[in-house]
Amino acid sequence: MPSVFITGANRGLGLEFVRQYSADGWRVLAACRAPDKATTLNEIAATSDGKVTLHAVDVADRAGVQALAATIDEPIDILINNAGQMEAWDEGFGAIDYDKWDRILRTNLFGPAWVSHAFAPHVEKSERRLMVMMTSGLGSLADNRDGARNPAGKLYMYRSSKAGLNMLVSKLAADLKDRGIAVIAMGPGHVQTDMGGPTAKLQPAESITAVRKVLGSRTIDHTGRSYFYTGDEYPW
Ligand SMILES: NC(=O)c1ccc[n+]([C@@H]2O[C@H](COP(=O)([O-])OP(=O)(O)OC[C@H]3O[C@@H](n4cnc5c(N)ncnc54)[C@H](OP(=O)(O)O)[C@@H]3O)[C@@H](O)[C@H]2O)c1
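(A) Just the environment of Val 191, in detail. Within the secondary structure, Val 191 sits in the loop between strand 6 (182-187) and helix 6 (204-216). Along the primary structure Val 191 and Asp 58 are separated by 133 residues, whereas in three dimensions their C-alpha atoms are 23 Å apart.

(B) Structural context of the site of the ligand. Close to the ligand lie 30 residues; Gly 8, Gly 12, Gly 84, Thr 193 and Gly 196 are nearest. Of all the elements in the fold, those that place two or more residues in the shell around the ligand are helix 1 (12-23) and helix 4 (98-124). With 3 residues, helix 1 is the single largest residue contributor to the shell around the ligand. Residues belonging to the shell around the ligand are distributed by class as follows: 11 nonpolar, 15 polar and 4 charged.

(C) Quick peek at the pairing of strand 5 (residues 130-134). Where burial is concerned, most of strand 5 is hidden: 5 out of the 5 residues are buried. The alternating pattern of strand 5 places Leu 130, Val 132 and Met 134 on one face and Met 131 and Met 133 on the opposite face, and all of these are buried. Across 4 bridges, strand 4 (residues 78-81) lies against strand 5 in parallel orientation. Note on strand 5: the bridge partner recorded for Ile 78 is Leu 130. Handedness of the strand 4-helix 4-strand 5 crossover: right-handed. Taken together, the 5 bridges between strand 5 and strand 6 define a ladder with parallel strand orientation.

(D) Summary view of the nonpolar core. Core analysis: the biggest nonpolar cluster contains 65 residues, and Ile 6, Val 18, Ala 30, Leu 41 and Val 132 have the highest contact counts within it. At 8 residues, the largest contribution of residues to this core is made by helix 4. Sequence-distant contacts of Ile 6, defined by excluding residues within four places in its chain, comprise Gly 14, Phe 17, Val 18, Val 28, Ala 30, Ala 31, Ile 80 and Asn 82. Formed by 6 residues, the second largest nonpolar core is a distinct cluster that contains Ile 104, Leu 138, Leu 155 and Met 157.

(E) Spatial organisation of the packing of helix 3 (residues 62-71) against helix 4. Two elements in contact, helix 3 and helix 4, have axes separated by 9 Å at closest approach and are oriented at 25 degrees. Taken together, the axes of helix 3 and helix 4 are roughly parallel relative to one another. In terms of crossing hand, the pair formed by helix 3 and helix 4 is right-handed. Facing helix 3, whose interface residues are Arg 62, Val 65, Gln 66 and Ala 69, helix 4 presents Trp 114, Val 115, Ala 118 and Phe 119.

(F) Here's a closer look at helix 2 (residues 39-46). All of the buried residues along helix 2 are Leu 41, Ile 44 and Ala 45. Projected onto a plane normal to the axis of helix 2, the buried residues spread over an arc of 100 degrees and lie on a single side. When the buried face of helix 2 is taken as reference, the exposed residues oriented beyond 90 degrees from it are Thr 39, Thr 40, Glu 43 and Ala 46.

(G) Spotlight on the sheet that holds strand 7 (residues 226-228). Strand order in the open sheet formed by 7 strands is 3-2-1-4-5-6-7, with parallel pairing between adjacent strands. Looking at strand neighbours, the two that pair on one side only are strand 3 (52-56) and strand 7, the edges of this open sheet. The average angle at which neighbouring strand axes cross in this sheet is 20 degrees, direction not considered. Each of strand 2 (27-32) and strand 3 is contacted by helix 2, which is oriented at about 145 degrees to strand 3, the strand it contacts most.

Reading guide: rules and limits
- Residues numbered from 1 in each chain as written.
- Predicted model: local features only at pLDDT ≥ 70, side-chain atom pairs only at ≥ 80, totals over all residues.
- Helix = DSSP H or I, 4+ residues; strand = E, 2+ residues; numbered from the N terminus.
- Near = placed C-beta within 6 Å.
- Nonpolar A, V, L, I, M, F, W, Y, C, P; charged D, E, K, R; others polar.
- Buried ≥ 20, exposed ≤ 12 C-beta atoms within 10 Å, placed from the backbone.
- Pairing = 2+ DSSP bridges.
- Right-handed = clockwise from strand over helix to strand, strands pointing away.
- Core = buried A, V, L, I, M, F, W, Y, C linked by C-beta atoms within 7 Å.
- Contact = placed C-beta atoms within 7 Å.
- Axes fitted to C-alpha atoms, helices over the stretch in contact; angles between N-to-C directions.
- Parallel < 35°, antiparallel > 145°, perpendicular 65-115°, else oblique.
- Left-handed = near helix turned anticlockwise from the far one by under 90°.
- Arc of directions from axis to C-beta.

Now the structure itself:
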């Protein structure tokens, strides 16, 4: 039975990953900050015959990430660094809250680095050996297509965190290749979640169905690349 570890698993895209992988019979390790408050996640786990387990972790807490990794002794086929935070659109130049930027970087950039580091041995001993970073077109320096909104200002905190995450993918891919671990960035599209907002084009089920299809065919040959949920390669 293949296994997947997902951060930010209590709502949004993380919860949809849990729904879909558990429905397909995968072993699912669902990590979130407050498992006792994760009602839907607990309901899924309760009917999973032990295949879905909940794990408490704040990815911005390095020691907590390391402590969790030490309690888990099983292979992880796909590690999904999904937990993320974003600031409000109106927090632009002149109104930057540096304490908030620090928190966003800790969650969106340092967190995935710490999780990837702590869980690399688990991924290494699996069959699939795939690490995934949930990135965003808003972190792309190259994507200036119409509608990409990247030529516009604002969103300094989120954009810089995801641009940094993209670089993390590139460097981890190089350093983990010898261990047979593939590392890719994955853009889910604009999705209706608390973060994506009510006017987003995609529903979580549509996005994650497409993302899982792409993940299903990624191997070490694809390491160090960035993909959109459509399967197209995404410009850095
Ligand atoms: N939705 C979109 O349109 C879109 C587009 C591009 C990329 N993405 C990326 O996709 C990922 C999931 O986004 P989403 O739309 O599902 O967001 P969301 O609905 O806002 O959910 C965010 C998730 O991240 C968790 N989280 C935040 N900070 C955390 C921390 N320090 N430690 C552990 N968990 C933490 C939240 O947990 P709590 O409930 O505890 O806060 C929640 O489970 C993010 O990385 C996001 O940047 C989303």
